[in-house]
Each structure stands twice: as structure tokens, then as C-alpha cells.
Amino acid sequence: QVQLVESGGGLVQAGGSLRLSCAASGRTFSSYAMAWFRQAPGKEREFVAAISRFHSITYADSVKERFTISRDNIKNTVYLQMVSLKPEDTAVYYCAADKALMTAQTVDYDYWGQGTQVTVSS
């Protein structure tokens, strides 16, 4: 069992930056692929970024060159550094963990956090 707790969300102006954190419980964090998804009001949850246990990384096209995912296996934490934020980045951001492969599909992830709200004003 893995428990995930996100933090770092908030209200920021367009062009600003935020760093989200996701703290994971358990001793096997390093063996999980970790990902960030987001869900805007009235929309489906969508993939943002993922990092494998081998530190391979993939991003959604909409956030490439603006968002950076990283992980610290000592602190059992995954981060999402977001710069040049846009109003369309407004959403609840969720952290997810997968024991198997890194994917961009919500159905593949076994564990989810409760989410943290990111609001970007224009």
C-alpha cells in the first residue's frame, strides 16, 4: 500500500511559477513509476508528466519545456516544477504511483493522492 500526499498548489498569476510536491509512504518508493495528472472543471483527468523508477521521463505536449518532473528516492518525494504558467493550466493536480511501467494512462496507476488545486489568473 502506498499513500500519496500532494502539496504546493495555490493561486498564481499567468507567467508565474509553482512547485508541487508529492510525498509517498512506504519503503518501496524507488520501485514505482510516478506521475502527475490534472483535472479541470468539467474535463477528464489528463496526463501531465511521468518519471520511471529508472528516471526516464515523459511529458504531455502541452507542458513540455514549461514543467519539469523529478524525484528524490531518499525523501520519497516526486516534484513538479511549473514555470510560465497559463490560465489553461488551472486544475486539480494529482500524484499517482504505478508498480509496473511508466504510462500516460490513468487506468494504469494503482495509487492516487487527494489532489492539490492550482489556479492561474490572467
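What you see is a predicted model, and the numbers here were worked out from it, not measured in a lab.

Analysis parameters
- All residue numbers refer to positions counted from 1 along the written sequence of the respective chain.
- Only residues with pLDDT of at least 70 get local features here, since the model is predicted, and only at 80 or more are side-chain atom pairs given and counted; chain-wide, interface and lining totals rely on the full set of residues.
- The basis for every side-chain value is the complete set of heavy atoms in the structure, and neither hydrogens nor water enter the calculation.
- Working definition: helices are DSSP H or I runs of at least four residues, strands are E runs of at least two. Numbering for both runs from the N terminus.
- We take the radius of gyration over the C-alpha atoms and set the globule estimate at 2.2 Å times the residue count to the 0.38 power.
- The buried label goes to any residue with under 20% of its type's maximum accessible area, the exposed label to any with over 50%, and the partly exposed label to all in between, with areas taken from a 1.4 Å probe on protein chains only.
- Pairing of aromatic side chains here covers Phe, Tyr and the six-membered ring of Trp, requires ring centres within 6.5 Å, and sorts the geometry by plane angle: under 30 degrees stacked, over 60 edge-to-face, intermediate tilted.
- Strands were regarded as paired on the criterion that DSSP finds at least two bridges between them.
- Helix axes are fitted to C-alpha atoms over the stretch in contact, other axes to C-alpha atoms as well, and angles between N-to-C directions run from 0 to 180 degrees.
- Contacts are residue-level and defined by heavy atoms, with any inter-residue pair within 4.5 Å sufficient.

(A) Layout of the overall build of the protein chain. The number of helices and strands found in the protein chain is zero helices and eleven strands. Mapped from its N terminus to its C terminus, the protein chain presents α and β elements in the order β-β-β-β-β-β-β-β-β-β-β. In terms of overall dimensions, the protein chain is globule-like: its C-alpha atoms have a radius of gyration of 13 Å, near the 14 Å expected for 122 residues. Along the longest, intermediate and shortest principal axes, the C-alpha atoms of the protein chain span 40 × 25 × 25 Å. Counting the 122 residues in the protein chain, one finds 44% classified as buried.

(B) Layout of the packing of aromatic side chains. Taken as a whole and judged by the stated rule, the model has five aromatic pairs. Between Phe37 and Phe47 the ring centres are 5.7 Å apart and the planes differ by 75°, which places this aromatic pair in the edge-to-face class. Here Phe37, found in strand E4 (residues 33-39), pairs with Phe47, found in strand E5 (residues 46-51); they are ten residues apart in sequence, far enough to count as distant. Exposure remark for Phe47: the relative accessible area of 14% places this residue in the buried category. With 6.3 Å between their ring centres and 65° between their planes, Tyr109 and Trp112 make a pair best called edge-to-face. Among the residues examined, Trp112 registers a relative accessible area of 27% and is labelled partly exposed.

(C) Representation of the sheet that holds strand E1 (residues 4-7) within the structure. Read from one edge to the other, the open sheet built from four strands follows the order E1-E3-E8-E7, with strand pairing classed as antiparallel. Across the chains shown, the open sheet's two edge strands, defined by having one partner strand only, are E1 and strand E7 (67-72). Each adjacent strand pair in this sheet contributes to an overall mean axis angle of 15°, direction not counted. For E7 and strand E8 (residues 77-82), the ladder comprises six bridges, and the chain directions are antiparallel. Of the residues in E8, the one forming a bridge with Phe67 is Met82.

(D) Representation of the environment of Met102. Here Met102 lies in the loop between strand E9 (91-98) and strand E10 (111-112). For Met102, a relative accessible area of 25% translates into the label partly exposed. Sequence separation of Met102 and Gly26 is 76 residues, and the distance between their C-alpha atoms is 19 Å. The residues touching Met102, leaving out its near neighbours within four places in the chain, are Ala33, Ala50, Ile51, Ser52, Ser56, Ile57, Thr58 and Tyr109.

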